[in-house]
Amino acid sequence: MDLRNKKIAVVGVGGVGGYLAGVLAKAYPDQVTMAARGARLEAIKKDGLKVHSDLSGEFCIQPAHVVTSEQLEEQDYIFLCVKNYSLEQACAQIAHAVGEHTVVIPVMNGIDTAQRVREQLGKGIVADAVIYIVAFTNEAYEVIHQGYFARLRIGIQHADEQERQALAEVSELLTGAGVEHLVAEDIELEVWRKYILNCAYNVATAAYDNTIGQLREDPLKSQEFLDLISEAYEVAKAKGVAVQPEHKKEFFDRFRMYRKDATSSLQRDLDAGRPAEIDTFSGYLVREARRLGVPVPVSEKMYGLLQERAAQSE
C-alpha cells in the first residue's frame, strides 16, 4: 500500500495521543495533522510537540498541520485519543472529517468505546484498540513517556473482508512508524484484559491517592487490589468474554512488577481537580456487575471512595 498520500490525524494530543502523534509525525512528517485546542494547540504551534520517551528518546516535532477538531479536513485515518467522558463531543467535532472509507481508531480507556463511536458517527470503519503505555503531559504540554513499552492492540470483532483490509492498512501504517502492535482476532478479550487491570490499577491508586509501592506495602490495600482484579475478571466471565485463569495470574504478577512510584491517570486527574474517568474505570463495572448478579463488594467500596474524592475536589 502506498502511504505517501494518506492523511493521518491524531485528535487529542495528551499523553497517549501525544506519543502516537509524535512517532507518526516522525515517520510521516507531511501527512500528520494534530488536533488540539486552547493553550495546548498554541504551545504546539509555537514550540512543536516535545516528547521525552524512555523508549523512543528525546525529540521535538514541528507538525505540518496543527488545528482544532472542527478545522480537520477529511482524513484517511483518525486516531481518537480523548478522555472517555469527551467521546460524544469529540465525535460531533470530527464527523465532517470522516468519510465512508475513513478508518477511526479510538485509543481510549473503557469497554464500549468503539461501539459508541460507531453509533455517534454512523459512517467510516471504526476499530477497537487498547494500548499499554505510561504517558502524560507536563505543564508545558510536553509528552512524558515512562518505561520501555508502548504496545497497541487493534481489531474488529467478527470483521468482514473490508474491515480486515482496513486493519491491515492501519497495521502497515503503525509498522512504518515503529509502533509495536498486534491485529487481534479476539479484540474483545484484549480490551477486557486491559480493562480488568485498570479496574484495579487506576481505581486503587486513585481511591487511596497512593503509589503502587504504597499499596503493595499495606497488606489490606494489597489484598483489595487483588480482589478488584478478581471481581472485574468475574464480570468479564459473566459477559461471555474468553478470559482464562492464566490471565488473572498475569494481572496479579503485574501488580508485583510495577515501579514503586507508579501512579495512574485517574489519580493524577483527581489530584489536579480535573474531570476524571471515574465512571469509565469503576461505575461501568459496578453497574454491569449489578445487572449480571455478580457480587463486587470491593469495587463498590472503591466507587464510593472515588465519588467522595471527586466531590471534595470540586
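Residues numbered from 1 in each chain as written. Predicted model: local features only at pLDDT ≥ 70, side-chain atom pairs only at ≥ 80, totals over all residues. Heavy atoms only, no water.

Enquirer: So what exactly am I meant to see when it comes to the overall build of the protein here?
Expert: Summing up its helical and strand segments, the protein has twelve helices and eleven strands in all. On C-alpha atoms alone, the protein measures out to a radius of gyration of 19 Å, which is about the 20 Å that the 2.2 N^0.38 rule sets for 314 residues. Once the C-alpha set of the protein is aligned to its principal axes, its extents read approximately 55 × 45 × 35 Å. Taken across its 314 residues, the protein has 55% of its residues classed as buried. Sequence-distant contacts in the protein: of pairs separated by 6 or more residues, those separated by 24 or more amount to 72%. For the protein, the exposed surface amounts to about 13800 Å²; the carbon and sulfur share of it is 48%. (Helix = DSSP H or I, 4+ residues; strand = E, 2+ residues; numbered from the N terminus. Rg over C-alpha atoms; globule rule 2.2 N^0.38 Å. Buried < 20%, exposed > 50% of the residue type's maximum accessible area, 1.4 Å probe, protein only. Contact = heavy atoms within 4.5 Å. Areas by Shrake-Rupley, 256 points an atom, 1.4 Å probe, with all protein chains shown as cover.)

Enquirer: How should I be thinking about the nonpolar core in this particular structure?
Expert: A general tendency of soluble globular proteins is for nonpolar side chains to be buried together. Counting residues in hydrophobic clusters, the biggest one holds 47 residues, and the most contacted among them are Trp192, Ile196, Phe225 and Leu306. Looking at this core, the elements with two or more residues in it are α6 (187-208), α7 (212-217), α8 (219-238), α9 (245-257), α10 (265-271), α11 (278-292) and α12 (297-313). For this core, the leading source of residues is α6, giving 14 residues. Apart from the residues lying within four places of it in its own chain, the contact partners of Trp192 are Ile111, Ala232, Val235, Ala236, Lys239, Val241, Tyr284 and Leu285. In this structure, Ile44, Ile61, Cys81 and Val103 belong to the second largest nonpolar core, which totals 46 residues. (Core = buried A, V, L, I, M, F, W, Y, C linked by side-chain atoms within 4.5 Å.)

Enquirer: Can you help me understand the packing of α11 against α12 in this one?
Expert: Where α11 meets α12, the closest approach of the two axes is 10 Å, and the angle between their N-to-C directions is 145 degrees. Relative to α12, the crossing made by α11 is left-handed. For the pair formed by α11 and α12, the contact residues are Ile278, Asp279, Ser282, Gly283, Leu285, Val286, Arg287 and Arg290 on the first element and Ser299, Glu300, Met302, Tyr303, Leu306 and Ala310 on the second. Partitioning the contact of α11 with α12 into residue classes produces seven nonpolar, three polar and four charged. (Axes fitted to C-alpha atoms, helices over the stretch in contact; angles between N-to-C directions. Left-handed = near helix turned anticlockwise from the far one by under 90°. Nonpolar A, V, L, I, M, F, W, Y, C, P; charged D, E, K, R; others polar.)

Enquirer: Looking at this model, I keep getting lost on the state of the cysteines. Mind explaining?
Expert: This model, assessed by the stated rule, comprises zero disulfides. Counting only cysteine sulfurs, Cys91 is the nearest neighbor of Cys81, a cysteine outside any disulfide, at a range of 12 Å. (Disulfide = S-S within 2.5 Å.)

Enquirer: Explain α6 here, please?
Expert: Given 3.6 residues to a turn, an α-helix orients residues that are three or four positions apart in the same direction. Relative to the 32 Å expected for 22 residues at 1.5 Å per residue, α6 spans 31 Å between its end C-alpha atoms, a close match to the ideal helical length. At Asn198, α6 is bent by approximately 35 degrees, the largest bend along its length. With respect to burial, α6 is a largely interior element, 20 of its 22 residues being buried. Trailing α6 by a residue or two, Asp209 shows a phi angle of about 50 degrees, which is positive. (Expected span 1.5 Å × (residues − 1). Bend = angle between axes of the 7 residues up to and from the residue.)

Enquirer: Where do I start with the sheet that holds strand β2 (residues 32-35) in this structure?
Expert: The strands that make up a sheet are held in pairs by hydrogen bonds between backbone atoms, and each pair lies either parallel or antiparallel. The parallel open sheet is built from six strands, whose spatial order is β5-β2-β1-β6-β7-β8. Because the sheet does not close on itself, it has two edges, and the strands there are β5 (65-67) and β8 (125-126). In this sheet, strand β6 (residues 75-80) lies alongside strand β1 (residues 8-11) in parallel orientation, the contact comprising four bridges. Within β6, the residue paired with Val10 across the bridge is Phe79. Where helix α1 (residues 15-27) meets the sheet, its contacts fall on β1, β2 and β6, and the angle it forms with β2 comes to roughly 160 degrees. Sitting on the sheet, helix α3 (residues 87-94) touches β1, β6 and β7 (98-106), and the angle it makes with β6 is about 165 degrees. (Pairing = 2+ DSSP bridges.)

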